[in-house]
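Each chain is listed here by its residues.
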Amino acid sequence: MLSSYQLIRSKRKSLGISIKPDGSVIVRVPLRTALATINRFVARYQDWINSKLLLINAVKATQIAELLLYYLGQRYPLKECGDGVFAVDATAVDVPAVVAVSKIEFDGNCFLIKAGYMNQVDIIIQQWYYAQAQRLIAPIIQEYSQRFGLYASKIKITSAKTRWGSCNRLGTVCFSYRITMLPITVIHYIVAHELAHLKHLNHSKLFWQQVAHMYPEYKSAQSWLKEHRYMLAANII
Ligand SMILES: [Zn+2]
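What this report covers is the structure whose coordinates are included nearby. Here the residue numbering is sequential within each chain, running from 1 through the sequence in written order. This being a predicted model, a pLDDT of at least 70 is required before a residue's local features are given, and a value of 80 or more before pairs of side-chain atoms are given or counted; all residues contribute to the totals for chains, interfaces and linings.

1. What about the sheet that holds strand β10 (residues 165–167)?
Okay, so step 1: Strand pairing is defined by DSSP finding a minimum of two bridges between the two strands. Put simply, DSSP H or I for four residues or longer makes a helix, DSSP E for two residues or longer makes a strand, and each gets a number counted from the N terminus. Taking strand neighbours across the sheet as the criterion, the three strands line up as β9-β11-β10 in an open arrangement whose pairing is mixed. Looking at which strands have only one partner, the edges of the open sheet turn out to be β9 (154–158) and β10. Mean inter-strand twist for the sheet, computed between neighbouring axes without regard to direction, equals 15°.
Okay, so step 2: For β9 and strand β11 (residues 172–176), the ladder comprises five bridges, and the chain directions are parallel. For Thr158, the partnering residue across the bridge sits in β11 and is Ser176.
Okay, so step 3: Residues are scored as being in contact if the C-beta atoms we place from backbone atoms lie within 7 Å. Geometry is summarised by axes, namely lines fitted to C-alpha atoms with helices restricted to the contacting stretch, and by angles between N-to-C directions that run from 0 to 180 degrees. Sheet strands touched by helix α3 (residues 121–148): β9 and β11. Its angle to β9, the strand with the most contacts, is close to 150°.
Okay, so step 4: Contacts from helix α4 (residues 184–196) reach β10 and β11 within the one sheet, and its direction differs from that of β10 by about 15°.

Below is the structure:
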């Protein structure tokens with residue numbers, strides 16, 4: 001029997017199958033691929049899919065109770081996978097090569113770290129947050145820059161521990177990768193705040209008027225930050 005799968009059509013050239021850590025099967029195909037072709041493709045790799053699903057089911061995820069990681073304002077447990085295949089990706093029709101894609105994955109409910117990597121957990125999580133920060137922040141910065149005509153001369157993602165963002169005289173705007181731990185609305189506020197500094201490099205009344213203009217709900221974002229200020233200190237990274 002064919003596996004049920006999630007179909008994603010996109011501008012790609014080949015058909016691919018991947019299996020997420022939760023066992024869901026994703027089939028990626030070029031935009032105009034006929035369903036019959038897709039089903040033939042899935043049928044051809046059905047044994048391969050089954051073997052991976054068996055492995056995933058065999059994975060004993062051990063929850064590491066004290067580690068709850070923030071992501072977009074929510075806390076999620078970190079679990080260590082057993083020795084099974086962690087995540088696989090077959091990217092081309094004729095090359096069902098099994099490639100372990102990453103040491104850590106977020107499946108929507110928890111973080112899963114590959115077996116044997118717990119001793120490097122700090123650095124692995126940091127790298128993950130860092131990559132998420134780059135992915136998440138860029139379009140938000142672009143949005144506010146375009147809407148309000150405030151362009152940073154340089155944007156950097158840093159590992160700052162004590163502040164979420166900063167802006168200097170040269171127009172360099174920095175964001176800590178830890179910003180990804182915050183709710184998306186708070187990230188918007190922080191981006192608006194730092195870009196507003198391009199106009200007013202202080203916390204004057206005019207500055208706050210600029211912030212209010214760019215992000216009218218800034219006060220609720222500020223109170224969220226105040227309520228969760230223990231976050232930075234409590235997080236292991
Ligand atoms: Zn400021």
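After that view, the rundown keeps rolling.
2. Side note on unusual backbone geometry
Okay, so step 1: In this model, Leu72 sits at a positive phi of 50°, which is unusual for a non-glycine residue.
Okay, so step 2: Looking at where Leu72 falls in the secondary structure, it is placed in the loop between β4 (62–71) and β5 (74–80).

3. So, the packing of α4 against helix α6 (residues 218–227)
Okay, so step 1: Their axes nearest at 9 Å, the elements α4 and α6 cross at an angle of 110°. Relative to α6, α4 is oriented roughly perpendicular. Viewed along their axes, α4 and α6 form a crossing whose handedness is left-handed. Across from Thr185, Val186 and Tyr189 in α4, the residues of α6 making contact are Tyr218, Ala221, Trp224 and Leu225.
Okay, so step 2: Grouping the amino acids of the contact of α4 with α6 by side-chain chemistry returns six nonpolar, one polar and no charged. Roughly parallel refers to an angle under 35 degrees, roughly antiparallel to one over 145, roughly perpendicular to one between 65 and 115, and oblique to any angle outside these ranges. It is the rotation of the near helix from the far one that decides the hand of a crossing: anticlockwise by less than a right angle makes it left-handed, clockwise makes it right-handed. Put simply, Ala, Val, Leu, Ile, Met, Phe, Trp, Tyr, Cys and Pro go in the nonpolar bin, Asp, Glu, Lys and Arg in the charged bin, and everything else, Gly too, in the polar bin.

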